Amino acid sequence: MSESGSVIPLYRLVEEESGKVIIAAHEISGFFVESDRAQADDILIFGSAREPVRLGKDLSDVELRVVNSFGKAIGSYYIGRVGLRSMFEGEGSLGQGGFVATFYGHTCPYAAAEAIWRRWASGSPLVKGEWVRHPVESHDSWLHVVQNSWFETGHAAKRYGVGEICVIDGRQILSESSFYCALGESVNGPGGYFGSTLDGLADCLASSRSAGAPFKLVWEHFSSAQERMGASLAASAMDVLREFGVEVTTR
């Protein structure tokens, strides 16, 4: 797809209240970082201004939106204040110039989320089990994108699937994040969300009560999952599911 004859940017910095696009960017370097990495002050925005901007002056009430190949927002981060320090030319993976900026320490502590957002924005449908292909250390980033995009695109914290039986494969569950990735996909399809914490799971189950009879969950290779995600978490998850009437069968 194109926007005025060019490739649609992956990011837009917008004024939250009005939705006015200030800067459109193909790449933002320094925002997605490791959770334990010191927060760098410099953010490189590879893109161009859509509204007049002044270097050395802060933008206020800024939201960073992730958009897909059709230009529709699929994710968002509220940044607030953004300082534009200087401009550069001809840098970045696409050979495009842009701005050196500061988000005043505001970063996203999921380093793999940038690549995952790019995949989600491509326009190609997600496929079942796609998250499993990513290294286990990236599963928290996948879950982060799932949750962010789920609510940004207008979904509620509830079950949308209509199948009576949902199945999760314990061999795919290598961590707590893996469990919620597997459960969300099982209940709501590829890229689906159904909680990212026990409280979030309970919220989804409570909101789904009016959707009909509770679903049944078949948890295959349960012992493998229990060992990797932790026995305590596995037991707590089972308790929450059963509390809301979900019939859980382990194999």
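Residues numbered from 1 in each chain as written. Predicted model: local features only at pLDDT ≥ 70, side-chain atom pairs only at ≥ 80, totals over all residues. Heavy atoms only, no water.

*Asks:* What is the right way to look at the overall build of the protein in this model?
*Replies:* Within the protein, the secondary structure is distributed over six helices and 11 strands. Principal axes of the C-alpha set define a box for the protein whose edges measure 60 × 35 × 30 Å. Per-residue burial for the protein yields a buried fraction of 47% across its 251 residues. Summed over all atoms, the accessible surface of the protein reaches about 12,100 Å², with 48% contributed by carbon and sulfur. Distance from the positive charge centre (22 side chains) to the negative charge centre (31 side chains) of the protein: 5 Å. (Helix = DSSP H or I, 4+ residues; strand = E, 2+ residues; numbered from the N terminus. Buried < 20%, exposed > 50% of the residue type's maximum accessible area, 1.4 Å probe, protein only. Areas by Shrake-Rupley, 256 points an atom, 1.4 Å probe, with all protein chains shown as cover. Lys, Arg positive; Asp, Glu negative; His and termini not counted. Charge placed at Lys NZ, Arg CZ, Asp CG, Glu CD.)

*Asks:* What is the right way to look at the sheet that holds strand E4 (residues 21-29) in this model?
*Replies:* Each strand in a sheet pairs with another by means of backbone hydrogen bonds, the pair being arranged parallel or else antiparallel. Spatially, six strands are ordered E3-E4-E5-E8-E7-E6 in a closed barrel, and the strand pairing comes out antiparallel. Between one strand axis and the next, the sheet turns by 50 degrees as a mean value, whatever way the strands run. Sheet topology places strand E3 (residues 11-15) next to strand E6 (residues 58-67); five bridges connect them, and they run antiparallel. Bridge pairing in E6 links Tyr11 to Val66. (Pairing = 2+ DSSP bridges. Axes fitted to C-alpha atoms, helices over the stretch in contact; angles between N-to-C directions.)

*Asks:* I keep staring at the environment of Ala25 and nothing clicks. Help me out?
*Replies:* Locating Ala25 in the fold gives a position in strand E4. For Ala25, a relative accessible area of 0% corresponds to the buried category. Considered as a pair, Ala25 and Phe99 are 74 residues apart in the sequence and their alpha carbons are 9.8 Å apart. Each residue touching Ala25, except ones within four places of it in the same chain, is listed here: Pro9, Leu10, Tyr11, Ile45, Phe46 and Gly47. (Contact = heavy atoms within 4.5 Å.)

*Asks:* I would appreciate a short explanation of the packing of helix H2 (residues 139-152) against helix H3 (residues 176-188) in the present structure.
*Replies:* In a pair of packed helices, the angle between the axes and the distance between the axes together describe the arrangement. The interhelical angle for the contact between H2 and H3, taken along N-to-C directions, is 40 degrees, at an axis separation of 8 Å. As the angle between them shows, H2 and H3 are arranged oblique. Along this stretch, H2 crosses H3, giving a crossing that reads as left-handed. Touching His139, Asp140, Trp142, Leu143 and Trp150 of H2 are Ser177, Ser178, Tyr180, Cys181 and Asn188, all from H3. Each residue belonging to the contact of H2 with H3 can be placed in one class, and the counts come to five nonpolar, four polar and one charged. (Parallel < 35°, antiparallel > 145°, perpendicular 65-115°, else oblique. Left-handed = near helix turned anticlockwise from the far one by under 90°. Nonpolar A, V, L, I, M, F, W, Y, C, P; charged D, E, K, R; others polar.)

*Asks:* Just checking my understanding: could you explain the pattern of salt bridges for this structure?
*Replies:* Oppositely charged side chains may form a pair once their charged atoms are brought near each other. By the definition in use, this model includes seven salt bridges. Across the pair Glu63 and Arg65 runs a salt bridge whose closest N-O atoms are separated by 2.5 Å. Judged by relative accessible area, which is 22%, Arg65 ranks as partly exposed. Glu130 serves as the salt-bridge partner of Arg119, at 2.6 Å between the closest nitrogen and oxygen. With a gap of 11 residues between them, Arg119 in helix H1 (residues 113-120) and Glu130 in the loop between H1 and H2 connect regions that are remote in the sequence. (Salt bridge = Lys/Arg side-chain N within 4 Å of Asp/Glu carboxyl O.)

*Asks:* Would you mind going over unusual backbone geometry with me for this structure?
*Replies:* Excluding glycine, a negative phi dihedral is what most residues carry, and trans is how most peptide bonds are arranged. Of note, Asp61 is a non-glycine position whose phi angle comes to about 55 degrees, a positive value. Assessed through its relative accessible area of 23%, Asp61 is described here as partly exposed. Positioned with a positive phi, Tyr104 is a non-glycine residue whose angle comes to about 55 degrees. Among the secondary structure elements, Tyr104 is positioned in the loop between strand E8 (98-102) and H1.

*Asks:* Can you help me understand helix H6 (residues 231-243) in this one?
*Replies:* Residues separated by three or four positions in an α-helix point in the same direction, a consequence of the helix having 3.6 residues per turn. Over its 13 residues, H6 runs 18 Å from end to end, which matches the ideal 18 Å to within 8%, given 1.5 Å per residue. All of the buried residues in H6 are Leu233, Ala234, Ala237, Met238, Val240 and Leu241. Here the buried residues of H6 occupy an arc of 165 degrees about the axis, which is enough to place them on one side. Residues Ser232, Asp239 and Glu243 are exposed on H6 and point more than 90 degrees away from its buried face. (Expected span 1.5 Å × (residues − 1). Arc of directions from axis to C-beta.)

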